[in-house]
Amino acid sequence: MLKEFTADLHIHTCLSPCADIDMSPMAIVKKAVEKKIGIIGVTDHNSAENAGAVIRAAEGTGIKVIPGMEVTTAEEVHILAFFGELSGVLRLQDFVFENLMPGNNRPDFFGEQVVADEHDNVLGFNERLLSTATSLTIDTLVKEIHAGEGLAVGAHIDREGFGIISQLGFIPESLRLDALEISPRTTFETALERYKNYISFPWISFSDAHRLDDIGRRTTVFTMEAPTLAELTHALQNINGRKAVWR
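Here is a short report on the structure shown in this document.

Calculation criteria
Residues numbered from 1 in each chain as written. Predicted model: local features only at pLDDT ≥ 70, side-chain atom pairs only at ≥ 80, totals over all residues. Heavy atoms only, no water. Buried < 20%, exposed > 50% of the residue type's maximum accessible area, 1.4 Å probe, protein only. Helix = DSSP H or I, 4+ residues; strand = E, 2+ residues; numbered from the N terminus. Pairing = 2+ DSSP bridges. Polar contact = N/O pair within 3.5 Å; in protein donor to acceptor, adjacent residues only side chain to side chain. Contact = heavy atoms within 4.5 Å.

**Brief notes about the pairing of strand 10 (residues 220-224)**
In regular strands, side chains alternate between the two faces of the sheet. Of all the five residues making up strand 10, four are buried; the element is thus mostly covered by neighbouring parts of the structure. Looking at chain direction, strand 1 (residues 3-11) and strand 10 are connected through five bridges and run antiparallel. Its bridge partner lying in strand 10, K3 is registered against M224. Judged from the three bridges that link them, strand 10 and strand 11 (residues 243-245) form a sheet pairing that is antiparallel. Each residue of the ladder has a partner; that of F222, found in strand 11, is A244.

Next up, the structure:
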């Protein structure tokens, strides 16, 4: 039986240097429960070290957590990667770390990069420069995501910074993105007017939350059988009544 699941799949934890320090695993889950969001995605910049903690924090709440990451390519384009299992995103994390530009984080300038557990205890700090780009081209990254059986989504394509259209001027026809994300700043009608050339891609929209109050400010409703990555994929492809809708 098909059901509707409200999803916000673009949420940053306190691991992302640009996110508030109170974006802890437990606090994120509590806010999602409050907002009646059924599926959340953990998408920190160039790391997935807090994804497991959010998954564990959500146990018993009824919320499904999709482990993911927001990777910055060599072209300075943000690509969202989603996986069905934590192991998938951790494998991608190893690949990203190998190709991350060298340098150490400056907490006074970029912000702290906090690694936490499911009880919001601080386990440590990622000292890498997560706010920088990797040496991975968009094409290489998308192929790596697909090789790990993940979904590759062009993040906030309507943004002037780090969106694929603003950075490249277009979306290459050969690039096999699974969907395009529109940010909360753009309405569906405006997106339809501006990006009609890319209507062949599935469109989704999420909060890109960096603060607790941002969670759920934009969601996509997925009609599918269960909150799994396979079903999300079928919803994006409109298979057997499954669909993804936002307004």
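**Thoughts on the side chain of N126**
Looking at the element boundaries, N126 is found in the loop between strand 6 (122-125) and helix 4 (138-147). At a separation of 2.7 Å, a polar atom in the side chain of N126 contacts the main-chain amide nitrogen of R128. The contact partners of N126, leaving out residues within four places of it in the chain, are L15, S47, E49, F97, N105, Q113 and V115.

**Remarks on the side chain of N46**
When you line up the elements, N46 lands in the loop between strand 2 (39-42) and helix 2 (51-57). Those residues in contact with N46 that lie beyond four places of it in its chain are M69, E70, V71, T72, V96, F97, L100, L130, T132 and T134.

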